[in-house]
Amino acid sequence: MGPPAEALRKLGYPATRGRGEILRILSESPLPLSPREILDRFPAPRPDASTVYRNLSLLVSLGLVRSVALHERSRRYELATDGSHRHRVVCRRCGRIDSFQPRRCDLSRLEADIRGTLGYDVKEHSLEFFGACPKCRATEEGR
Ligand SMILES: [Zn+2]
Ligand SMILES: [Zn+2]
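Residues numbered from 1 in each chain as written. Chains lettered and ligands numbered in written order. Predicted model: local features only at pLDDT ≥ 70, side-chain atom pairs only at ≥ 80, totals over all residues.

Burial within helix α5 (residues 108–118) is sparse, with just 0 of its 11 residues counted as buried. Once α5 ends, the next one or two residues include G119, with phi positive near 80 degrees. (Buried ≥ 20, exposed ≤ 12 C-beta atoms within 10 Å, placed from the backbone. Helix = DSSP H or I, 4+ residues; strand = E, 2+ residues; numbered from the N terminus.)

Here is the structure:
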């Protein structure tokens, strides 16, 4: 178990097998995962779905895991402790998801607008882009 599991212990929660596995599975995935996908990656014996949901919401409330809304029916989850800042792009046609590390992410004007109009001091952001992936574009253009 890596640093996230230690963070869990420091917060006073036992790093149970289920919690440790969720953190390991998320740390090995470059993309945010749905609860179903997390469960599918669990080594045997697999816990039941409700245990996974319960542990996910605990990890989210502790700030170790972040939930990501990609305009889908199910939420996805990723490690919040991952230092690298990533954005996601979702194919509207086939549902493929890619993530990328922006070279530069300057939203200072947008953040100034938010501060000016709503009074918020913005600390972080999450950006999702939607479009057509190369494969779907090729199919479309080949018609
Ligand atoms: Zn596609
Ligand atoms: Zn960004």
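Attention now goes to the packing of helix α2 (residues 17–27) against helix α4 (residues 49–61). Where α2 contacts α4, the axes come no closer than 10 Å and their chain directions differ by 70 degrees. Considering the angle they form, α2 stands roughly perpendicular to α4. Contacts from G18, R19 and I22 of α2 reach α4 at T51, V52, N55, L56 and L59. Each residue belonging to the contact of α2 with α4 can be placed in one class, and the counts come to 4 nonpolar, 3 polar and 1 charged. (Axes fitted to C-alpha atoms, helices over the stretch in contact; angles between N-to-C directions. Parallel < 35°, antiparallel > 145°, perpendicular 65-115°, else oblique. Contact = placed C-beta atoms within 7 Å. Nonpolar A, V, L, I, M, F, W, Y, C, P; charged D, E, K, R; others polar.)

If you look at the biggest cluster of nonpolar residues, it comprises 14 residues, and the most contacted ones within it are I22, L23, L26, L56, V65 and Y77. Listing elements by their share of this core, those giving two or more residues are α1 (3–10), α2, α4 and β2 (76–79). When sequence neighbours within four positions are dropped, the list of residues in contact with I22 reads I38, V52, N55, L56 and L59. (Core = buried A, V, L, I, M, F, W, Y, C linked by C-beta atoms within 7 Å.)

Side chains R76 and E78 project from β2 onto one buried face, and the interleaved Y77 and L79 project onto a second face that is buried too. Pairing of strand β1 (residues 65–68) with β2 involves 4 bridges; the strand directions are antiparallel. Across the sheet, the residue bridging to S67 is Y77, located in β2. (Pairing = 2+ DSSP bridges.)

Right, let's get into the domain arrangement of the chain. Domain boundaries assigned for the chain yield domain 1 (1–81) and domain 2 (84–143). If you average the C-alpha positions of domain 1 and of domain 2, the two centres end up 23 Å apart. Taken together, the contact pairs 4 residues of domain 1 with 6 residues of domain 2. Of the residues contributing to the side of domain 1 that touches domain 2, the split by class is 4 nonpolar, no polar and no charged. (Domains from an automatic or database assignment.)

What follows concerns the sheet that holds strand β3 (residues 87–91). Taken in spatial order, the 3 strands line up as β4-β3-β5 in an open sheet, and their pairing is mixed. On the outer flanks of this sheet lie β4 (97–100) and β5 (128–131), each paired with one strand and no other. Neighbour-to-neighbour, the strand axes of this sheet turn through a mean angle of 25 degrees, independent of strand direction. In the sheet, β3 pairs with β4 via 4 bridges, with the strands oriented antiparallel.

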